[in-house]
Number of protein chains: 2
Amino acid sequence: VSDAPPLTGILETVLYCTSANEDATRAFYRDVLGLPLTGDGFSHRVGGRRDVLLLFNADEAIKQDNPPPHGPTGPVHVCFQTTPDNYDAWKRRITDAGVAITSEITTWRDGLRSFYFDDPAGNVLEIADGDMWPP
Amino acid sequence: VSDAPPLTGILETVLYCTSANEDATRAFYRDVLGLPLTGDGFSHRVGGRRDVLLLFNADEAIKQDNPPPHGPTGPVHVCFQTTPDNYDAWKRRITDAGVAITSEITTWRDGLRSFYFDDPAGNVLEIADGDMWPP
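Predicted, not measured: the structure shown is a model, and the values here were computed from it.

Caption draft 1: Highlighting the interface of chain A and chain B. Across the boundary between the two partners, chain A contributes 73 residues, which contact 72 residues of chain B. Here chain A packs against chain B, burying approximately 5,700 Å² in sum over the two surfaces, 61% of which is carbon and sulfur. For the pair chain A and chain B, the interface holds one salt bridge. Among the salt bridges present, the one from A:D131 reaches B:R45, with a minimum N-O distance of 3.0 Å. Taken together, the links from chain A to chain B amount to 32 residue pairs in polar contact (both at pLDDT 80 or more). Mapped onto the side of chain A that touches chain B, the elements with two or more residues apiece are β1 (9-17), α1 (22-32), β2 (43-46), β3 (51-57), β4 (77-81), α3 (87-96), β5 (101-106) and β7 (124-128) of chain A. Element by element, the count of residues in the side of chain A that touches chain B is highest for β1(A), at seven residues. The class makeup of the residues in the side of chain A that touches chain B is 39 nonpolar, 23 polar and eleven charged.

Caption draft 2: View of the nonpolar core. Formed by 72 residues in total, the largest nonpolar core has its most connected members in A:Y29, A:L33, A:F80, B:Y29, B:L33 and B:F80. Apart from residues no more than four positions distant in its own chain, A:L33 is found in contact with A:F28, A:F80, A:W90, A:I94, A:F117, A:L125, B:A4 and B:L7.

Caption draft 3: Structural context of the relation of the copies chain A and chain B. The operation relating chain A to chain B is a screw motion whose rotation component is 180°, with 0.0 Å of axial translation and a residual RMSD of 0.0 Å. The superposition operator between the copies reduces to a two-fold rotation axis. The position closest to the rotation axis in chain A is occupied by the C-alpha of A:T73, lying 2.5 Å away. Comparing contact sets, 99% of the residues at the interface of chain A also lie at the interface in chain B, consistent with an isologous, same-surface contact.

Caption draft 4: Highlighting helix α1 (residues 22-32) of chain B. Residues and elements named next belong to chain B. For α1, the full list of buried residues reads E22, T25, F28, Y29 and V32. Here the buried residues of α1 occupy an arc of 150° about the axis, which is enough to place them on one side. One or two residues past the end of α1 sits G34, with phi positive at roughly 65°.

What counts and how
Residues numbered from 1 in each chain as written. Chains lettered and ligands numbered in written order. Predicted model: local features only at pLDDT ≥ 70, side-chain atom pairs only at ≥ 80, totals over all residues. Heavy atoms only, no water. Contact = heavy atoms within 4.5 Å. Buried area = accessible area lost by both parts, 1.4 Å probe. Salt bridge = Lys/Arg side-chain N within 4 Å of Asp/Glu carboxyl O. Polar contact = N/O pair within 3.5 Å; in protein donor to acceptor, adjacent residues only side chain to side chain. Helix = DSSP H or I, 4+ residues; strand = E, 2+ residues; numbered from the N terminus. Nonpolar A, V, L, I, M, F, W, Y, C, P; charged D, E, K, R; others polar. Core = buried A, V, L, I, M, F, W, Y, C linked by side-chain atoms within 4.5 Å. Buried < 20%, exposed > 50% of the residue type's maximum accessible area, 1.4 Å probe, protein only. Least-squares fit on C-alpha atoms with pLDDT ≥ 70 in both. Arc of directions from axis to C-beta.

Next up, the structure:
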């Protein structure tokens, strides 16, 4: 296979909720994670970059025709990044919102820290205080 | 709720395969999408940015204890971004690899284009020639 043309990044990262928890899940991203809604009400810009987080109702997305149907059952994992000086503030914010921190690890790379928690749809979220992946 | 501390971006975007299609799925990301493996063999850097794409075997990830278990059943959606001048080359590359293009759309924003195709695990991938989301 010849060299692939460049992919300049991941534009859309997607998480899923269901009709039963959609309102609570959308409120969680808006109010707890503080991610501003973009125009159509179901996408969020994350950070100063152009990352887009989409939240789909999997009960609906699996029934659509075009774009193609998608929508899994069960928890998807996404990791957000923050800065070391904001890491403890994020832990407090999640705990103060009544959300349990399910795990915390010190990663294998440079002692970076991250903690895990669930969104109301059951997705497994992580906030890391740096990029633990090799360049 | 007080103002949220900054999230500087999405560090890890995750897709899932199963034991039945794991080898084919990993080969697809490496050989067709041309995403270079990072150290541990299951993560890919995308573009010149620090985006990380992880591919988990959902059959295994749902059984782990720490980090917390995750692993959905069914197709997850992720959109990659390329540049307008590389868009047609990507369509050719996907078709030449024997992968069907399932849909193509012109988005509501600035006439940007994107097309859809499946990975061997059934995830619904998209490559867009620009960022159609409002800033």
